Amino acid sequence: MIRAHDVSKWFGPVQAVRGVSFEIDAGQVVGLLGPNGAGKTTTIRMITGYLPPSSGAVSVCGHDTIAQSLPARRSLGYLPESAPLYPEMRVEDFLHFRGRLYGLARGPRRAAVDGAMDRCWLRDVRRRRIGHLSKGYRQRVGLASALLHSPPVLVLDEPTSGLDPAQIRQTRTLIRDLSHRRTVLVSSHILPEVEKTCDRVIVMARGRVRADGAPADLLRPLADTSPYIVDADTSAPRTVESVLSLLKAVAGVARVVRTPAAEYASPRVWAEFHVTPAPGAPDLREAIARSAAGAGVLVRDLHRRTPTLEQLFLRVIEEDDAA
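Read on for an overview of the structure. (Residues numbered from 1 in each chain as written. Predicted model: local features only at pLDDT ≥ 70, side-chain atom pairs only at ≥ 80, totals over all residues. Heavy atoms only, no water.)

### Focus: the layout of surface pockets
As a volume, the largest pocket reaches approximately 670 Å³. Along the walls of the largest pocket sit 22 residues, with Tyr50, Arg73, Leu76, Arg98 and Tyr102 positioned nearest its centre. Those elements giving two or more residues to the lining of the largest pocket turn out to be α2 (69–74), β6 (76–79), α3 (91–101) and α5 (135–147). Tallied by class, the residues present in the lining of the largest pocket amount to 14 nonpolar, five polar and three charged. (1 Å grid on protein atoms, 1.4 Å probe; cavity = no way out; pocket = protein on both sides within 12 Å on 5 of 7 lines; lining within 4 Å. Points joined across faces, edges and corners; volume = space filled by probe spheres on them. Helix = DSSP H or I, 4+ residues; strand = E, 2+ residues; numbered from the N terminus. Nonpolar A, V, L, I, M, F, W, Y, C, P; charged D, E, K, R; others polar.)

Following this line, the structure appears as structure tokens:
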């Protein structure tokens, strides 16, 4: 449904996108991530036909976005981060106006507007002027307008921007529901939302694709070195140094660090330790627990940190900076 082949984009002497290639199939929800300046927005603008690539090719539903611009755009629903809205228009009137731009006849347009308002929770503000709405409601109006012509491909740039937690949850459910019949590309800075919503993640940095795959597959290498969190009693006669030595002596442990801010009294003195396993080490929770019990060290919490997209994101950026 979306295909980018060796796409590059130059702005004078600056190369914003460098040989980007990917394919997104029907029914997939794909998250596009990257720091500021990574080339995400430029890539989205080339997919939506707002910018031509300097080299390479982009197609939507088999239509080249330059040579076959109109059919490619008709296949798209696009919600930019700042949705272009007319503040003086009422919500329902604006959606009918957008429907006419899409070429929808009166009967189908009325049904499309009603359906989009229901899906985006706009019934209660249908007669209000857009300029009087909160940012969250304006975002919903933009999403509703992108859905009017039932496009097979949706490109959503920061779709949950300005929404409260309940609205974010509703939007996540809506995106998952839409993916049953469409291809959805989502660009967002809210990494936990991407993790919950997307089947696949593409991470860009400095104009290149640095990681591409299902979140579970991308996070699997991080899981091997994910640290164990140990909350241990360091009250006398125990000391922080003795507990550090005890944990370092466990077979398979590569490094132990105490979290400085985690030490506190209640009246026991508890301290938190991050235990990093050596590459290829087995699950160390039982070994850590046995070692602590054998030495008489009281442990009130022992768990392994679950890797997140944020960790992956930061690692990709660090590796890119070091390259």
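There is more to say after this.
### Details of the sheet that holds strand β10 (residues 208–213)
Across the sheet, six strands lie side by side as β6-β7-β8-β3-β9-β10; this open sheet has mixed pairing. Strand pairing shows two members of the sheet lacking a second neighbour, β6 and β10, which therefore form its edges. Sheet twist, expressed as the mean angle between neighbouring strand axes with direction ignored, is 15 degrees. Alignment of β6 against strand β7 (residues 153–157), held across four bridges, turns out to be parallel. The residue bridging Leu79 from the neighbouring strand is Leu156, located in β7. (Pairing = 2+ DSSP bridges. Axes fitted to C-alpha atoms, helices over the stretch in contact; angles between N-to-C directions.)

### Some details on the packing of α3 against helix α4 (residues 106–119)
The interhelical angle for the contact between α3 and α4, taken along N-to-C directions, is 130 degrees, at an axis separation of 10 Å. Relative to α4, the element α3 is oriented oblique. Crossing angle aside, the handedness with which α3 passes α4 is right-handed. Seen from α3, the contacting residues are Glu92, Leu95, His96, Gly99 and Arg100; seen from α4, they are Arg109, Arg110, Val113, Asp114 and Met117. Residues belonging to the contact of α3 with α4 are distributed by class as follows: three nonpolar, two polar and five charged. (Parallel < 35°, antiparallel > 145°, perpendicular 65-115°, else oblique. Left-handed = near helix turned anticlockwise from the far one by under 90°. Contact = heavy atoms within 4.5 Å.)

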